[in-house]
Amino acid sequence: MSQGSRPGPPLWLLAELTYRCPLHCVFCYNPVDFAKHEGELSTDDWLRVLREAREQGSVQCGFSGGEPMLRDDLEVLVAEAHRLGYYTNLLTSGVGLTEARIAALKQAGLDHIQLSFQDSTREVNDFLSHTRTFELKEKVAAMIKAHGYPMVMNIVIHRLNIDHMDRIIGMADELGAEYLELANSQYYSWAQLNRDHLLPTREQIERAEAVTATWREKLDGRMRIFFVVPDYHESRPKRCMNGWGNVFLTVTPDGTALPCHTARMLPGLDFPNVRNMNVHDIWYESEGFNRYRGTGWMKEPCASCDEKEKDLGGCRCQAYMLTQDPAAADPVCAKSPHHHVIADAVARAEQCGEQREHPLVFRGPAESRRLTRETTD
Amino acid sequence: MNTAAANDTRPMIGRGFRLQWEAAQDCHVLLYPEGMVRLNQSAGEILKRCDGERDVAAIVADLEASFGASGLEKDVLAFLDMAHQQKWVQW
């Protein structure tokens, strides 16, 4: 820690219950080598993590994955989280969310469901007209509403679906969504691997924003739409995770504790595991959580930058992926000496029909094992 | 929806929100999907009395008795109107 002040509590606990998933999303942020991190935490492990994090002041708990519905102890975990005083959030694709399970989750005290609308089929371009996907979401959306939850939808936006924005918003409206998050893909893990396929052009983004603005007027408050702009098209970095080790604690399926979903990729950092360290020590004492807290770790151009408190140097993972130095400035920043890497990727996106290094890679255990072999060979 | 709070309004915490005391933060907080509002003392004291049963007049009387104050009505009504707009409370 740089300033010697004690960090605040880990307000947000993200429980990634499993890397298993029925979908094969090309933009998934789970690690590309997820297949080698087998050995999921047991129910008792998770119950202990929930208690320890709550004792340290966590108030929001997200159950995520992979697909969290694949854990048959989800109801047990939600019930305990609720009893402990967490606000409980379920992040699901809706696959596996049956009437019996949603009733049990409601009974257990689940506060909130975020339904993601993913291109679950391999026909990425066709997914919007894929009737099976639509029928599933329609069924799940009706269940969510019938149980008194607000209908909150999230869809990851990228080059292959961004031109269908009108249809996407229309579909969310048909499904009765009250909140819609149009989250432009961020380029980590599988999305990074597929970046040249997924990064939209500036013109595409501007068109999508215009379509969104038209819908906002038409909807007249019936549905609130959040349009999350992709950081590649910005000139200042995002304040990633609202600061390293500042509010956010992720626990991965095998118990590794991380300051963000993707920090596992960073070299030279030994992240603790909840199997052998308690949440207090993980949050306050561990090297992994202290390394990039505050501003003391910064180099130039961040160290002397008058905006450093605002963005905290951006994203450590992005810095590492694009400059091979996790302590560098996030290259999204125009002040970064590596900003050209971002500018080049955006420029490549502008050239339509260019050569790409490889076809789209779909997330899945077989691909994960193949990619793990490639990087360790 | 746009009705202003009045003395006979019976406010309750809005759907999807939860009010609780957080020892770690030494304040009341309002939790909602993926977010949290940290409340100052007066906001916490008003909201914890919004149980859907008491009307504003009773809430004001209780606050004035609890804190040995008077003339709180105007501030309470203004706060509730703001809280209503934010959907923290409903009636």
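Our subject is the structure that appears above.
Every chain's residues receive numbers from 1 upward, in the order its sequence appears when written. Chain letters and ligand numbers both follow the written order, the letters beginning at A and the numbers at 1. Local features are withheld for residues below a pLDDT of 70 in this predicted model, meaning they are given only at 70 or higher, and side-chain atom pairs are given and counted only at 80 or more; totals for whole chains, interfaces and linings count all residues. The side-chain figures draw on all heavy atoms in the structure; neither hydrogens nor water molecules are used.

A.B. asks: Sorry if this is basic, but what is going on with the interface of chain B and chain A here?
C.D. replies: How big an interface is tends to be expressed through the accessible area that disappears when the partners come together. Of the residues lining the interface, 15 residues belong to chain B; the matching set on chain A comes to 18 residues. Looking only at chain B, the three residues that lose the most surface to chain A are B:Arg15, B:Arg18 and B:Glu34, adding up to 45% of its buried area. For this analysis, a salt bridge means a side-chain nitrogen from Lys or Arg found within 4 Å of a carboxyl oxygen belonging to Asp or Glu. There are three salt bridges connecting chain B and chain A. Between B:Arg18 and A:Asp111 there is a salt bridge, with its nearest N and O atoms 3.0 Å apart. Polar contact is the term for a pair of N or O atoms within 3.5 Å; when the atoms are in protein, one must be able to donate a hydrogen and the other to accept it, and sequence-neighboring residues count only if both atoms are side-chain atoms. Where chain B touches chain A, the interface holds eleven residue pairs in polar contact (both at pLDDT 80 or more). Counting from the N terminus, the helices are the DSSP runs of H or I reaching at least four residues and the strands are the DSSP runs of E reaching at least two. Mapped by element, the contributors of at least two residues to the side of chain B that touches chain A are strand S2 (18-22), strand S3 (27-32) and strand S4 (35-38) of chain B. For the side of chain B that touches chain A, the residue count by class is six nonpolar, four polar and five charged. In this description, contact between two residues means that some pair of their heavy atoms is separated by no more than 4.5 Å. Buried area is calculated as the accessible area (1.4 Å probe) missing from two parts once they are joined, with the contributions of both summed. Only Asp, Glu, Lys and Arg are considered charged in this grouping, and only Ala, Val, Leu, Ile, Met, Phe, Trp, Tyr, Cys and Pro are considered nonpolar; every other residue, Gly among them, is considered polar.

A.B. asks: Teacher, can you tell me more about empty space enclosed by the protein here?
C.D. replies: By rolling a water-sized probe across the atoms, one finds the places where empty space is left. Residues and elements named next belong to chain A. We place a 1 Å grid over just the protein atoms. Points where a 1.4 Å probe fits but has no way out form a cavity, open points with protein on both sides within 12 Å along at least 5 of 7 lines form a pocket, and any residue with an atom within 4 Å of a point lines it. Grid points are joined across faces, edges and corners, and a volume is the space filled by probe spheres set on the points. Considering all chains together, one arrives at two cavities of 30 Å³ or more under this definition. Residues belonging to the lining of the largest cavity are distributed by class as follows: ten nonpolar, three polar and two charged. Computed from the structure, the second largest cavity encloses a volume of approximately 100 Å³. Along the wall of the second largest cavity there are 14 residues; nearest its centre are Cys302, Cys305, Asp311, Ala329 and Cys333. When grouped by side-chain class, the residues that make up the lining of the second largest cavity number seven nonpolar, one polar and six charged.

A.B. asks: What is the right way to read the pattern of salt bridges from this model?
C.D. replies: When their charged atoms lie close together, side chains carrying opposite charge are able to pair. Taken as a whole and judged by the stated rule, the model has 33 salt bridges over all chains. Residues A:Asp45 and A:Arg275 are paired through a salt bridge, measuring 3.8 Å at the closest nitrogen-oxygen approach. Taken together, the residues A:Asp45 in helix H1 (residues 43-55) and A:Arg275 in the loop between strand S9 (257-258) and helix H9 (279-284) connect sequence positions 230 residues apart. Think of it in three bands: residues with accessible area under 20% of the maximum for their type are buried, residues over 50% are exposed, and the middle band is partly exposed, with areas taken using a 1.4 Å probe on protein chains only. Accessibility expressed as a relative area gives 16% for A:Asp45, which makes it buried. One network of salt bridges, with partners in common, ties together B:Glu45, B:Lys48, B:Arg49, B:Asp51, B:Arg54 and B:Asp62.

A.B. asks: Quick question: what am I supposed to make of the sheet that holds S4(B) here?
C.D. replies: Strand-to-strand pairing in sheets goes through backbone hydrogen bonds, with the strands running parallel or antiparallel. Residues and elements named next belong to chain B. The pairing criterion is simple: DSSP has to find at least two bridges between the two strands. Spatial strand order, S2-S3-S4: three strands in an open sheet with antiparallel pairing. In this open sheet, the two strands that pair with only one neighbour each are S2 and S4. Strand-to-strand twist across the sheet, computed as the mean angle between neighbouring axes with direction ignored, equals 30°. As judged from the five bridges shared by S2 and S3, these two strands associate in the antiparallel manner. Following the sheet pairing, Gln20 is matched in S3 by Val29. Interaxial angle, 0 to 180 degrees, is taken between N-to-C directions of lines fitted to C-alpha atoms, where a helix line uses only the stretch in contact.

A.B. asks: Teacher, can you tell me more about the pairing of S2(B) here?
C.D. replies: Every other side chain in a regular strand lies on the same face of the sheet, so the side chains alternate between the two faces. Of the two faces of S2(B), only one is covered, namely that formed by B:Arg18, B:Gln20 and B:Glu22; the face formed by B:Leu19 and B:Trp21 stays uncovered. Hairpin connection from S2(B) to S3(B): four residues lie between these consecutive antiparallel strands, with B:Asp26 at a positive phi of about 55°.

A.B. asks: Mind showing me how you'd approach the packing of H1(A) against helix H2 (residues 74-84) of chain A here?
C.D. replies: Any two packed helices are characterised by the angle at which their axes cross and by the distance between the axes. Residue and element names in this part refer to chain A. Remark: H1 packs on H2, axes separated minimally by 10 Å, with the N-to-C direction vectors making an angle of 20°. One finds that H1 runs roughly parallel with respect to H2. Crossing of H1 over H2 shows right-handed handedness. Residues Thr43, Trp46, Leu47, Leu50, Arg51 and Arg54 of H1 pack against Val76, Leu77, Glu80, Ala81 and Leu84 of H2. Split into classes, the residues belonging to the contact of H1 with H2 amount to seven nonpolar, one polar and three charged. With respect to orientation, any angle under 35 degrees is reported as roughly parallel, any angle over 145 as roughly antiparallel, any angle of 65 to 115 as roughly perpendicular, and every other angle as oblique. By convention, the crossing between two helices is left-handed when the near helix turns anticlockwise from the far helix through less than a right angle, and right-handed when the turn is clockwise.

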